[in-house]
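Fold and geometry: a report
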Amino acid sequence: MSTPTPEPKDKAVAPDLALDSTLRPNIWDEYVGQGHVKANVRVALDAAKKRGDMPEHILFYGPPGVGKTTLAHLVALTLDAPLKTTSGVAIERAGDLAAILTNLEPGSVLFIDEIHRLGTKIEELLYPALENGSLDIILGKGPSARTVELSLPRFTLVGATTRVAQISGPLRSRFGGGTYQLDFYSDEDLRAIIARSARVLGLTVPPSVVAMLAGRSRATPRVANALLKRVRDYSEVHEVEMNEEACNKACELFGIDALGLTKDDRRYLETLETGFKGGPAGIRALASALHEDPDTVENVYEPYLMRLGFIERGPRGRVLTEKGSSYLRNGVSF
Ligand SMILES: Nc1ncnc2c1ncn2[C@@H]1O[C@H](COP(=O)(O)OP(=O)(O)OP(=O)(O)O)[C@@H](O)[C@H]1O
Ligand SMILES: [Mg+2]
């Protein structure tokens, strides 16, 4: 009997959807960082608005929790357009896509999250819809089958993915409005995000605590917001102020160290060091030793460990760096 593959899960950034929507910026000025992306997208949107037209299709990619969905919302808000949200996983059959496209209000933004999950057949159906706003529907089967071309309402597709390499060339080339990579956030940007979220949540958080939280946020806004909320919960339960001591104790309780690494990250590094003698280790073997899905390992754990310089991904596999092994020997203080 084969072992079932574990479900992909984004443990390190377990999305708290209610929190995401409460704290999601809905004006550009509150969308911190990613200056290059913001500037380019806004030009495309303003130009289209001036022409009284819809902008071309746009693709955002980057690690989980860095603001892709938020940008899709901002695009729709800027255009004053209805937003229809779906996901590559939800569109299983041609009929699913046809139903979505034909029901769009004219001038809508269609947001397809996890767009890398679209099947080949669905992608092919999407191409004419993206290029000339038409949908080819096949009626009947066998020799009597015929194709009918349906004309669709005008729309702009905004795609988002954490796995851009899995998007086919032909689909990528349809994003005439640009393909934008969202990067991890600087410490300064994270501090601004946490300070804003604290204001929205009505919390008093001293700058020193904002800085501590920023350092433990894995360079990711969603992690920053989730951590702020967890430390708030801790302070409320213990009836203490959100000061440095409370923040330290809460993080110690959660097993989050001063770099934002959790026991899962440490388990990854330890497995690489002891199970694979520091590497190179192939992704499949490593994921199996961790009882994790290779996608989760590759897209949730590794990007931040690479950013810290603790691991490297080479052609022969993952390697623990000197910095990574020094972290395992000495750790960082809470
Ligand atoms: N640039 C930003 N400025 C302020 N807050 C941000 C920014 N980017 C993200 N956030 C906050 O982080 C939360 C998560 O962002 P979002 O849902 O857009 O991430 P995502 O890239 O779509 O993640 P996923 O890949 O998991 O879908 C948002 O609700 C918002 O509160
Ligand atoms: Mg998203």
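Structure: above.
Predicted model only: the values in this text are computed from it and were never measured.

Parameters at a glance
Residues numbered from 1 in each chain as written. Chains lettered and ligands numbered in written order. Predicted model: local features only at pLDDT ≥ 70, side-chain atom pairs only at ≥ 80, totals over all residues. Heavy atoms only, no water. Helix = DSSP H or I, 4+ residues; strand = E, 2+ residues; numbered from the N terminus. Buried < 20%, exposed > 50% of the residue type's maximum accessible area, 1.4 Å probe, protein only. Contact = heavy atoms within 4.5 Å. Near = heavy atom within 4 Å. Polar contact = N/O pair within 3.5 Å; in protein donor to acceptor, adjacent residues only side chain to side chain. Nonpolar A, V, L, I, M, F, W, Y, C, P; charged D, E, K, R; others polar. Domains from an automatic or database assignment. Salt bridge = Lys/Arg side-chain N within 4 Å of Asp/Glu carboxyl O.

Side note on the environment of Ala94
By the secondary structure assignment, Ala94 is in helix H4 (residues 94-102). Under the relative-accessibility criterion, Ala94 is labelled partly exposed at 43%. As for Ala94 and Asp53, which are separated by 41 residues in sequence, their C-alpha atoms are 28 Å apart. Beyond its immediate sequence surroundings of up to four residues, Ala94 is in contact with Ile122 and Leu125.

Some details on the site of ligand 1
Around ligand 1, a shell composed of 21 residues is seen, among which Asp20, Arg24, Gly65, Lys68 and Thr70 lie nearest. Val32 is positioned such that a nitrogen or oxygen atom in its backbone is 2.8 Å from a nitrogen atom of ligand 1. At 3.0 Å, a backbone N or O of Gly67 approaches an oxygen atom of ligand 1. Residues of the shell around ligand 1, tallied by class, amount to nine nonpolar, six polar and six charged. Counting residues domain by domain, the shell around ligand 1 receives three or more from each of domain 1 (34-181) and domain 2 (187-254).

Things to note about the pattern of salt bridges
Taken as a whole and assessed by the stated rule, the structure comprises 16 salt bridges. Here Glu322 ties to Arg329 by a salt bridge, and the two come within 3.3 Å at their closest N and O atoms. The same class applies to Glu322 as to Arg329, namely exposed. Through salt bridges that share partners, Glu298, Glu302, Arg313 and Arg318 make up one connected network.

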